[in-house]
Amino acid sequence: MAQVPVQTIHRDPQLFCWILFPITIVMILTGVLRHYASVLMQSAPKKLDQKTIREQRSLLHGINVRGNFHALSKKSFATRRDALVTAFESGAYLKDPERAGQGQPNPLSDPSSMEGMMGMMKNQMAMIIPNTLIMSWINAFFSGYVIMKLPFPLTIKFKSMLQAGVMTKDMDPRWMSSISWYFLCIFGLQSVFNFLLGSDNAASQMAQQMGGMGAAPGAQMFGPGVDPDKQFKAEAENLAVIEHYSVLDDVEARLLAGIAV
Amino acid sequence: MAPSLLYNPTKLPPSAALQLAQQAPRVLQGSPSSSETVDQWATYENLLLACLRTGDDEAAAKCMDRLEARFGADNERVMALRGLLSEAQAQGNRELEAVLKQYDAILEGNSTNIPITKRRIALLRSMGRVSDAASALVQLLDFSPTDAEAWSELSDLYFTQGLYSQAIYALEEVLLLSPNAWNIHARLGELQYMAATTSGNGGGSQPRYLAEALKRFARSIELCDDYLRGYYGLKLVTTSLLKEQAKQAKQTDDGEFTLPDSKTIERLDELATAKLSEIVRHSTLKDRGWRGYDEREVAAARELLSQNGIER
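Counting of residues starts from 1 at the beginning of each chain's written sequence and follows it residue by residue. In the order they appear in the text, chains get letters beginning with A and ligands get numbers beginning with 1. This being a predicted model, a pLDDT of at least 70 is required before a residue's local features are given, and a value of 80 or more before pairs of side-chain atoms are given or counted; all residues contribute to the totals for chains, interfaces and linings. Each side-chain value is derived from all of the structure's non-hydrogen atoms; neither hydrogens nor water enter the calculation.

Selection criterion: UniProt positions are given in the numbering used here, feature names are shortened, and annotations may be inferred rather than shown by experiment.
Going by what an unreviewed UniProt entry lists, chain B is known as ER membrane protein complex subunit 2 and is assigned to Pseudoneurospora amorphoporcata. Within the UniProt record for chain B, the comment given under Subunit (unreviewed entry) is "Component of the ER membrane protein complex (EMC)." Under the heading Function (unreviewed entry), UniProt records this for chain B: "Part of the endoplasmic reticulum membrane protein complex (EMC) that enables the energy-independent insertion into endoplasmic reticulum membranes of newly synthesized membrane proteins."

Chain A goes by ER membrane protein complex subunit 3 in an unreviewed UniProt entry, where it is assigned to Pseudoneurospora amorphoporcata. Turning to chain A, the UniProt record has this under Sequence similarities (unreviewed entry): "Belongs to the EMC3 family."

1. Re the UniProt feature "repeat: TPR" (unreviewed entry) in chain B
Threshold: Every helix listed is a DSSP run of H or I at least four residues long, and every strand listed is a run of E at least two residues long, numbered separately from the N terminus.
Following the UniProt record, the feature "repeat: TPR" (unreviewed entry) maps to residues 148-181 of chain B here. Structurally, residues 148-181 of chain B comprises 79% helix and 0% strand, and the distance from its first C-alpha atom to its last is 11 Å.

2. As for the packing of helix H1 (residues 14-41) of chain A against helix H6 (residues 178-188) of chain A
Residues and elements named next belong to chain A. Spelled out, the test is: Fitted lines through C-alpha atoms give the axes, limited to the stretch in contact for helices. The angle between two N-to-C directions lies from 0 to 180 degrees. Throughout, a crossing is termed right-handed when the near helix is turned clockwise from the far one, and left-handed when it is turned anticlockwise from it by less than a right angle. By the convention used here, residues are in contact when the closest approach between their heavy atoms is within 4.5 Å. For this classification, the nonpolar set comprises Ala, Val, Leu, Ile, Met, Phe, Trp, Tyr, Cys and Pro, the charged set comprises Asp, Glu, Lys and Arg, and every other residue, Gly included, is treated as polar.
At their nearest, the axes of H1 and H6 sit 10 Å apart, and the two run at 30° to each other. Crossing hand, H1 versus H6: right-handed. Contacts between H1 and H6 involve Ile 19, Leu 20, Ile 23, Thr 24 and Met 27 on the former and, on the latter, Ser 178, Trp 181, Tyr 182, Cys 185 and Ile 186. Its residues assigned to classes, the contact of H1 with H6 shows eight nonpolar, two polar and no charged.

3. Structural notes on the UniProt feature "transmembrane region" (unreviewed entry) in chain A
Residue and element names in this part refer to chain A. As annotated in UniProt, the feature "transmembrane region" (unreviewed entry) corresponds to residues 15-37, 127-148 and 179-197 in the numbering used here. Between the first and last C-alpha atoms of residues 127-148 the distance is 28 Å; the span itself is 73% helix and 14% strand. Split by type, residues 179-197 is 95% helix and 0% strand. Its first and last C-alpha atoms lie 26 Å apart.

4. Thoughts on the state of the cysteines
All names here are of chain A. Condition: Two cysteine sulfur atoms make up a disulfide if the distance between them is within 2.5 Å. Categorising residues by exposure relies on relative accessible area from a 1.4 Å probe, with only protein chains included: less than 20% of the type maximum marks a residue as buried, more than 50% marks it as exposed, and the intermediate range marks it as partly exposed.
Scanning all chains against the criterion turns up zero disulfides over all chains. Cysteine Cys 17 is unpaired, with the sulfur of Cys 185 as its nearest cysteine sulfur at 16 Å. Residue class for Cys 17 comes out partly exposed when judged on its relative accessible area of 45%.

5. Looking at the interface of chain B and chain A
Going by this rule: Throughout, the accessible surface (probe 1.4 Å) given up by two parts as they are put together, summed over both, is called the buried area. Each salt bridge in this description consists of a side-chain nitrogen of Lys or Arg and a carboxyl oxygen of Asp or Glu lying within 4 Å of one another. Polar contacts, as used here, are pairs of N or O atoms within 3.5 Å; protein pairs need one atom able to donate a hydrogen and one able to accept it. Residues neighboring in sequence count only if both atoms are side-chain atoms.
Facing 39 residues of chain B, the contacting portion of chain A comprises 34 residues. Buried surface at the junction of chain B and chain A, summed over both partners, amounts to about 3,300 Å²; 64% is from carbon and sulfur atoms. Interface area lost by chain B to chain A is led by Phe 143, Leu 176 and Phe 257 of chain B, which between them contribute 19%. With a closest N to O distance of 3.0 Å, Arg 54 of chain A and Asp 142 of chain B form a salt bridge. Across the contact surface, chain B and chain A share 13 residue pairs in polar contact (both at pLDDT 80 or more). Among the elements that make up the side of chain B that touches chain A, the one with the highest residue count is helix H12 (residues 206-223) of chain B (nine residues).

6. Considerations on the packing of aromatic side chains
Short version of the rule: Any two rings among Phe, Tyr and Trp, with Trp reduced to its six-membered ring, count as a pair given centres within 6.5 Å; such a pair is stacked if its planes are under 30 degrees apart, edge-to-face if over 60, and tilted if neither. Lysine and arginine charges are scored as sitting over a ring when NZ or CZ, respectively, is within 6 Å of the ring centre and within 35 degrees of the ring normal.
Taken as a whole and judged by the stated rule, the model has 10 aromatic pairs over all chains. Look at Phe 69 of chain A and Phe 77 of chain A: their rings are 5.6 Å apart centre to centre, the planes differ by 45°, and that puts the pair in the tilted class. Residue Phe 69 of chain A shares its accessibility class with Phe 77 of chain A, and that shared class is buried. Among the aromatic residues, those joined into a cluster by ring pairs are Phe 69, Phe 77 and Tyr 245 of chain A. The ring of Tyr 169 of chain B has Arg 80 of chain A sitting right over it, with the charged end atom 4.0 Å from the ring centre.

Given below as structure tokens:
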């Protein structure tokens, strides 16, 4: 079987100095800049007034009672359940009780929720704008070059990833174009930023995307557009259907069976 | 283990606090701006507390200044520490009243400042106005019912006033927040035991309290099988139950805990006695792995055991 001849492309050694390093350095610098920009733009968490805190924490209290009812005796649980169900259903903990049952307010009309959305927008913008700029910069100046050869072999599938912008069918996938180097930098600089800026930096977009996903349930609970009255009613129902048992039932038997002196 | 400035245990023995406060000159020597770390500010805060305990107000004020320079005087936690400092420096009741007025003024502007609210409650309590403190705590818990610290403080307040059922209620709320806290289980058992043994309590509820106390202590031991207070309480309850077995009334089943049969109680009693004497023996000999016990607690356990030995 004939060996496939090793492809050699004679590259200007200056390519390294003028393309590879500039792109890398620019990427790192924008990452650092983005981190500091988002630190600057971060608005302090808004102060909640007492009634909002009361509303949110009462709901949490209800959830706690539902989750940990087994720590109580039957009687103390029943007292709490009755009190909480009555209060939840009558809307005693609501921020403004007279608005109960009017359905959820329009999230856009609420200034406090607008602020949250603005914060999200700002974050998104801080990510999108520099990326677009750098990408168009690279496209304008460096598109169509092959800048380096990876030191390890790759399968043909990587061709579209590594040789974006270079329309050559038969080239070995180990050759890499400048735009692909840019993409590699986006995903690969995470650990560099961790080293430079500390682990909770805002430069790494992966973390931002993950954070967006992780924070969603928490934000959803008290977020805009959620009707607290409905939440309270649902929680009251959850509480009402609990069948009580206590962790203290038969604890002596468990203890005597489990502990040997 | 040597006390560290990075942690702030709630019950630091006086000698350890003194040891911490003596580190003040060394810590305050360094300039605060040089390479900021997370630990640095925790160190300042705990040093401040230790210095206040040992009466070194000067060093405490220095720590305070640094914290204030870093976080700003309007940070809630810094405000509370500043309040603590001025409470410590206040001479006599009149100045304490002035501090209290300051707290009121702060809370007027921002009613959700929880650190200051708590300082105000603590100040009220230390000035002897216990019922004011209790009502302020109830107010705090009305809008923030998920605060375990406040619930346990409320429980302690009610307990000092002899209101056992309220104290038990408050402590149950703590358990709802942290259902596996064995110290809270044991504390609840202690409260129930005290409620049961206090005279003047209607005779009807006494076995109920004792039954639950027994179960609370048992649960606490189940969660932490070396917990001295749990065994101590268990021993107390079983002793009093075994003593009063004769006049035990027939129990009705209305959703309450029922006492286990006398054989189980006897076995629990044996278990508690054995474990207590093991703990006492080992910690008197200062064996390896048995050193963490409080000396006074061990002494109390020894006393309890010797009392029982005489009775038998």
